[in-house]
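# Coordinate inspection notes
Take a look at the letters that make up each chain.
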Amino acid sequence: MTRRKKQPERRRGAVVVRQPQRSHKSMEDQKLLRSREAEPAAAFRDTDTWRTLRIVGEFVEGFDALAEVGPAVSIFGSARVGRRNRYYSAARRLAAALVGQGFAIITGGGPGIMEAANRGAKEAGGLSIGCNIELPFEQGLNEYVELGMEFRYFFVRKVMFVKYAEGFVIFPGGFGTLDELFESLTLIQTGKVEHFPVVLYGKDYWDGMMQWIREKPLYEEKISPEDLDLLTITSDIDEACEAITKHRRSRQQEHKEAASQKAMQEAVQAADASRPTR
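Everything numeric in this text was worked out from a predicted model, so none of it was measured.

### Details of the packing of helix H5 (residues 154-163) against helix H6 (residues 175-189)
- Remark: H5 packs on H6, axes separated minimally by 12 Å, with the N-to-C direction vectors making an angle of 60°. Looking at the two axes, H5 sits oblique to H6. Crossing handedness for the pair H5 and H6: right-handed. Residues Lys158, Phe161 and Val162 of H5 form the contact with H6, whose participating residues are Asp179, Glu180, Glu183 and Leu187.
- Of the residues in the contact of H5 with H6, the class split is 3 nonpolar, no polar and 4 charged.

Next up, the structure:
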């Protein structure tokens, strides 16, 4: 007896629809970026007004769902990696190791590296989070996601990856993975987010890109030498995990010192206020 193929799952808030995705259906990102010439002026105003509310709604739902997650690490990588691939195994083991250090794991919620990281987190008893995105061909949330969200807009999804993460781990991947890598580096470089570790896993995969960065952007002074210090490149699970946890320990120590200094200042001010005036 042939096994019935599982229908892809689509979510709209509390609504779940299991049916094949029509390939010709426009995506919300596509509609948002469409030229004004493609629709009448009145329809354009009405559509974009409503679309703005939907964007706000996605932010609200995402913030509400992830508000109490605690320390987390975002893991990125190719959706095209099979379960027998060495990077699948590495992502699974690294996610489990990070869970052992008290982190939740956030991924794009799809197959490949994302599935591996969610799987490792779930098997290790940690929180496994998936932030999926509407695509022309439905990929759906993988079976190892425990807290999942479906986003229409890439930029909303990107905010969730950055806002709730204390570090990024980038496994080999394509354009989407490279997008997340360079956007995170840009946000750190420009001071839009606090510096947090970015780990490139798989030295043999990333060495060519790093060589080009040194020979072109760095040599031509389009970036600074210290910009390369934002990255840790490794093929070792323990080293990757340590790069993330070391930064967390450093931040915790900074917070303790700041709290101690504040308490001391308050004690001095209280002592000064209690002294009798002459």
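Next comes the rest of the description.
### Some points on the pattern of salt bridges
- If you walk through the whole model with that rule in mind, you get 10 salt bridges.
- The shortest N-O distance in the salt bridge between Glu183 and Lys158 comes to 3.1 Å. Note that Glu183 is positioned in helix H6 and Lys158 in helix H5, a separation of 25 residues in sequence.
- Take Lys158: its relative accessible area is 14%, and that puts it in the buried class.
- Taking the shortest distance from any N to any O, the salt bridge between Glu220 and Lys222 comes out at 2.6 Å.
- Looking at Glu220, the relative accessible area reads 40%, which means it is partly exposed.
- Bridged by salt links that share partners, the residues Lys158, Asp179, Glu180 and Glu183 form one connected network.

### Quick notes on the nonpolar core
- Ile129, Cys131, Phe168, Ile170, Leu181, Val198 and Leu200 are the most contacted members of the largest nonpolar core, which has 34 residues in total.
- With sequence-adjacent residues up to four places away left out, Leu181 is seen in contact with Ile170, Val198, Leu200, Trp206, Met209 and Leu231.

### Comments concerning the pairing of strand E3 (residues 72-76)
- Within E3, 5 of the 5 residues are buried, which leaves it mostly tucked inside the rest of the structure.
- Residues of E3 alternate between two faces, with Ala72, Ser74 and Phe76 on one and Val73 and Ile75 on the opposite face, all of them buried.
- What joins E3 to strand E4 (residues 104-107) is helix H3 (residues 86-100), and the crossover it makes is right-handed.

### Examining the packing of H6 against helix H7 (residues 203-218)
- With their axes 14 Å apart at the nearest point, H6 and H7 run at an angle of 45° to one another. Considered as vectors, H6 and H7 are oriented oblique to each other. Handedness of the H6/H7 crossing: right-handed. Contacts from Thr177, Leu178, Leu181 and Phe182 of H6 reach H7 at Trp206, Met209 and Ile213.
- For the contact of H6 with H7, the per-class residue count stands at 6 nonpolar, 1 polar and no charged.

Analysis parameters
- Residues numbered from 1 in each chain as written.
- Predicted model: local features only at pLDDT ≥ 70, side-chain atom pairs only at ≥ 80, totals over all residues.
- Heavy atoms only, no water.
- Axes fitted to C-alpha atoms, helices over the stretch in contact; angles between N-to-C directions.
- Helix = DSSP H or I, 4+ residues; strand = E, 2+ residues; numbered from the N terminus.
- Parallel < 35°, antiparallel > 145°, perpendicular 65-115°, else oblique.
- Left-handed = near helix turned anticlockwise from the far one by under 90°.
- Contact = heavy atoms within 4.5 Å.
- Nonpolar A, V, L, I, M, F, W, Y, C, P; charged D, E, K, R; others polar.
- Salt bridge = Lys/Arg side-chain N within 4 Å of Asp/Glu carboxyl O.
- Buried < 20%, exposed > 50% of the residue type's maximum accessible area, 1.4 Å probe, protein only.
- Core = buried A, V, L, I, M, F, W, Y, C linked by side-chain atoms within 4.5 Å.
- Right-handed = clockwise from strand over helix to strand, strands pointing away.

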